[in-house]
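Observations on the three-dimensional arrangement
One-letter residues, chain by chain:
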Amino acid sequence: MASEATAGGGLEFHPMDQFNIEALFGGPITWYTPTNAAMWMILAIVAVICLMVLTTSNRSVVPSRGQSIAELAYGFVYKMVEDVTGKDAIGYFPYIMTLFMFIVCANFLGLIPGSFTPTSHFAVTVVLAMAVFLTVTIVGFVKNGAGFLGLFWVASAPLALRPILAVIEIISYFVRPVSHSIRLAGNVMAGHAVIKVFAGFAAIAVVSPVAILGITAMYALEILVSFIQAYVFTILTCVYLKDALHPSH
């Protein structure tokens, strides 16, 4: 493959290959085929269980490292929900906490060399975003009935502009799952692709020191991005939930 690419004047490395969905045991991929994406999503769930359940099963006054991380994550997300959405949204904390922990664990596991990052695929992030969209919409109508439509009616605007603003609000509302999903998958995919590009140049002796420095810098940045993207996805979920609970402008 590399020799053919060189003969044809192409690249010897393909940064996007790391995002290919592959069957774990070979053969064609069908809806029931175990894939690398499914395996790493399961590993992310296992990581969440290990961190949030096993490390806190024997809680002590002097916490272990695992217990400290679990308590820090719990307090961080709990305060986010309370501050952004309000105390009346605490009942939705388990769902939001689950979202945050799954995304952050999937992102961090994806930084292991040779691993696969499920959150780099729109198929995964779109499902997460649509789940949030449907949950928020259902909660909005259940809690407020027809009053939820007040989210789209800007009462503080001049009367002549309100219909126009209502159309804009409706469009922006239905675009939410698109931006919600693309933001997460796009940022994760871009960072991993750049690291792969630097790794390809690391094989060239002349530029290898610069390439290795670039890999180190990008890897450190990706650690930060992995957390920030989980935080952004979660805080946007809180904002959307706040709109559902308090829809009037």
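For clarity, every value in this text was computed on a predicted model and none was experimentally measured.

Let us look at the nonpolar core. In this structure, Met 101 and Phe 233 are the most contacted members of the largest nonpolar core, which totals 47 residues. Among the elements of the structure, helix 2 (36-54), helix 3 (65-85), helix 4 (93-109), helix 5 (122-144), helix 6 (162-201) and helix 7 (208-245) are those that each provide at least two residues to this core. Top contributing element to this core by residue count: helix 4, with 12 residues. Contact partners of Phe 233, with chain neighbours within four places excluded, come to Leu 99, Ile 103, Leu 128, Ala 129, Val 132, His 180 and Leu 184.

This part is about the confidence of the model for the protein chain. Confidence along the protein chain averages 88 in pLDDT terms, with 94% of residues attaining 70 or more. Between the elements of the protein chain, mean pLDDT differs from a low of 44, seen in helix 1 (residues 2-7), to a high of 95, seen in helix 4.

With that out of the way, let us pick up the side chain of Arg 162. In this structure, Arg 162 sits in helix 6. Buried charge Arg 162 goes without a salt bridge, the closest partner of opposite sign being Glu 169 at 12 Å. Only 2.8 Å separates the side chain of Arg 162 from the backbone oxygen of Ala 157, close enough to count as a polar contact.

For the structure on display, the rule yields 15 aromatic pairs. Seen from their ring centres, Phe 76 and Phe 100 are 5.9 Å apart, and the 45° between their planes marks the pair as tilted. Taken together, the positions of Phe 76 in helix 3 and Phe 100 in helix 4 put the pair 24 residues apart, joining distant regions of the chain. The class of Phe 76 is partly exposed, set by a relative accessible area of 31%.

Put simply, helix 6 and helix 7 touch, their axes get as near as 8 Å, and they point 170° apart. Between helix 6 and helix 7, the angle falls in the class roughly antiparallel. Partitioning the contact of helix 6 with helix 7 into residue classes produces 15 nonpolar, nine polar and four charged.

This part covers a nonpolar patch on the surface. A grouping of Phe 122, Val 126, Met 130, Leu 134, Ile 138, Val 142, Val 167, Ile 171, Val 175, Val 178 and Ile 182 is seen on the molecular surface, where their side chains present a nonpolar patch of about 950 Å² in accessible area. Of all the elements in the fold, those that place two or more residues in the nonpolar patch are helix 5 and helix 6. Ranked by residues supplied to the nonpolar patch, first place goes to helix 5 with six residues. Tracing the sequence through the fold places Ile 171 in helix 6.

Once that is clear, we can look at the pattern of salt bridges. Enumeration according to the criterion identifies three salt bridges in this entry. The salt bridge partner of Lys 79 is Asp 83, with a shortest N-O separation of 3.1 Å. Highlighted residues: Lys 79 and Asp 83, both in helix 3, separated by four residues, approximately one helical turn.

Attention now moves to the side chain of Ser 181. Following the sequence through the fold, Ser 181 ends up in helix 6. Looking at Ser 181, its side chain comes within polar contact range of the main-chain oxygen of Pro 177, at 2.8 Å. The contact partners of Ser 181, leaving out residues within four places of it in the chain, are Phe 122, Thr 125, Val 126 and Ala 129.

What counts, and at which threshold
Residues numbered from 1 in each chain as written. Predicted model: local features only at pLDDT ≥ 70, side-chain atom pairs only at ≥ 80, totals over all residues. Heavy atoms only, no water. Core = buried A, V, L, I, M, F, W, Y, C linked by side-chain atoms within 4.5 Å. Buried < 20%, exposed > 50% of the residue type's maximum accessible area, 1.4 Å probe, protein only. Helix = DSSP H or I, 4+ residues; strand = E, 2+ residues; numbered from the N terminus. Contact = heavy atoms within 4.5 Å. pLDDT = per-residue confidence, 0-100. Lys, Arg positive; Asp, Glu negative; His and termini not counted. Salt bridge = Lys/Arg side-chain N within 4 Å of Asp/Glu carboxyl O. Polar contact = N/O pair within 3.5 Å; in protein donor to acceptor, adjacent residues only side chain to side chain. Phe/Tyr/Trp six-rings, centres within 6.5 Å; stacked < 30°, edge-to-face > 60°. Axes fitted to C-alpha atoms, helices over the stretch in contact; angles between N-to-C directions. Parallel < 35°, antiparallel > 145°, perpendicular 65-115°, else oblique. Nonpolar A, V, L, I, M, F, W, Y, C, P; charged D, E, K, R; others polar. Patch = residues over 30% accessible without salt bridge, like charges linked within 9 Å, V, L, I, M, F, W, Y side chains within 5 Å. Areas by Shrake-Rupley, 256 points an atom, 1.4 Å probe, with all protein chains shown as cover.

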